[in-house]
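Overview (structure and organization)
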Amino acid sequence: MTAFGYKLPAMSSLLVWGLLWEVIGQMKLTFFVPPLSTVIATLFSVIGTPAFVKAMTETAYAFGSGVFFAIAIGIPVGIMMGKSRLLDELLLPWVNIFLSAPLTALVPVLMVLFGFGMTSIIITTTLFGIWIIILNSRAGVMQINRSLVEMARSFGASPLDAFFKIYFWAALPEILGGVRIGVIRAVKGVIIGQLLISIVGFGALFELYSSNFLMGHFWAVLIVLFAMAFSISEFLAYLERRVAYYAAKR
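About the criteria used
Residues numbered from 1 in each chain as written. Predicted model: local features only at pLDDT ≥ 70, side-chain atom pairs only at ≥ 80, totals over all residues. Heavy atoms only, no water. Phe/Tyr/Trp six-rings, centres within 6.5 Å; stacked < 30°, edge-to-face > 60°. Helix = DSSP H or I, 4+ residues; strand = E, 2+ residues; numbered from the N terminus. Buried < 20%, exposed > 50% of the residue type's maximum accessible area, 1.4 Å probe, protein only. Expected span 1.5 Å × (residues − 1). Patch = residues over 30% accessible without salt bridge, like charges linked within 9 Å, V, L, I, M, F, W, Y side chains within 5 Å. Areas by Shrake-Rupley, 256 points an atom, 1.4 Å probe, with all protein chains shown as cover. Salt bridge = Lys/Arg side-chain N within 4 Å of Asp/Glu carboxyl O. 1 Å grid on protein atoms, 1.4 Å probe; cavity = no way out; pocket = protein on both sides within 12 Å on 5 of 7 lines; lining within 4 Å. Points joined across faces, edges and corners; volume = space filled by probe spheres on them. Contact = heavy atoms within 4.5 Å.

To continue, consider the packing of aromatic side chains. Throughout the structure, instances matching the rule amount to seven aromatic pairs. Aromatic pair Trp-21 and Trp-219: ring centres 5.3 Å apart, planes at 65 degrees, arrangement edge-to-face. One end of the pair, Trp-21, is in helix H1 (residues 3–27); the other, Trp-219, is in helix H11 (residues 215–242), with 198 residues separating them in the sequence. Per residue, the accessibility class of Trp-21 equals that of Trp-219, and both read buried.

Next up, the structure:
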């Protein structure tokens, strides 16, 4: 199936849901759901305002920093866990605990340790995204054909060479899958951080619009956030498909 054919059902579904949203909004069943046309018009009216640009910049900075640390820490830790049985037995229970635990409960602890500023928001974002990246990187390494590693050693490859030239590239499909899911979880993390730790960025806009019952503005910002998360997820899914042949070569 071509990429266009793959996207067609998804686009049709979005159109159906958009039409349903418009109908429900026009019926005025609840003030919480304004018509989609009103939301889109509101979006174009606020998207260039200084308040929106400031919120977008703050959210993008916290999100980008959190995702960077989640990837920079999560991939090496996951690869090392896949390589070392001892390290895997030491860390795997904790990774599973943090992956399944309600991380929102840790936000007050982070506020006490790191204050109410951007640092705590970035750490919250990192914590939401890192654990699935670790697990997927570990799973990718554990599926590697051991003959590749033995061949690298027989040719005198150092542990660092094996790390970057064997483990990383052979586990790349699973790593990208973990990064894609981790990025989606990080979106949740950055908004929770901006709502609970420091009312900045999109969190400040959500708080302002909901408290003043400006639901058109509220949904407009939410659509921007969803569009950002969806675009990043689709880009990473595209990269997954591009490197899928690595899985066959293993």
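And the narrative resumes.
Spanning 25 residues, helix H9 (residues 172–196) covers 35 Å between terminal C-alpha atoms, matching the ideal 36 Å at 1.5 Å per step. Of all 25 residues in H9, 19 are buried, a share of seventy percent or more.

Looking now at unusual backbone geometry. With phi around 55 degrees, Phe-213 is a residue other than glycine that occupies positive phi space. Mapping Phe-213 onto the fold places it in the loop between helix H10 (201–211) and H11. For Phe-213, a relative accessible area of 58% puts it in the exposed group.

Another point: a nonpolar patch on the surface. Taken together, the side chains of Trp-17, Leu-19, Leu-20, Val-23, Ile-24, Met-27 and Leu-29 define a hydrophobic patch exposed on the protein surface, amounting to about 720 Å² of accessible area. Take Met-27: it is sitting in helix H1.

Right, let's talk about the layout of surface pockets for a bit. Volume-wise, the largest pocket comes out at about 570 Å³. In terms of lining, the largest pocket is formed by 13 residues, of which the most central are Leu-14, Trp-21, Leu-36, Ile-223 and Phe-226. Listing elements by their share of the lining of the largest pocket, those giving two or more residues are H1, helix H2 (36–46) and H11. The element that contributes the greatest number of residues to the lining of the largest pocket is H1, accounting for six residues.

With that out of the way, let us pick up the pattern of salt bridges. Counted according to the given criterion, the structure contains three salt bridges. In this structure, Lys-54 and Glu-58 form a salt bridge, with 2.7 Å as the shortest nitrogen-oxygen distance. Note that Lys-54 and Glu-58 are positioned in helix H3 (residues 50–83) at a spacing of four residues, about one turn of the helix. The class for Lys-54 is exposed, based on a relative accessible area of 52%. Glu-89 serves as the salt-bridge partner of Arg-85, at 3.3 Å between the closest nitrogen and oxygen. Separated by four residues within a single helix, Arg-85 and Glu-89 lie in helix H4 (residues 85–100), roughly one turn from each other. With a relative accessible area of 68%, Arg-85 lands in the exposed category. The class of Glu-89 is partly exposed, set by a relative accessible area of 48%.

Tracing the backbone shows Gly-201 in helix H10. Distance from Gly-201 to Val-221, taken between C-alpha atoms, is 11 Å for residues 20 residues apart in sequence. What Gly-201 contacts, discounting residues up to four positions off in sequence, is Ala-55, Glu-58, Thr-59 and Gln-194.

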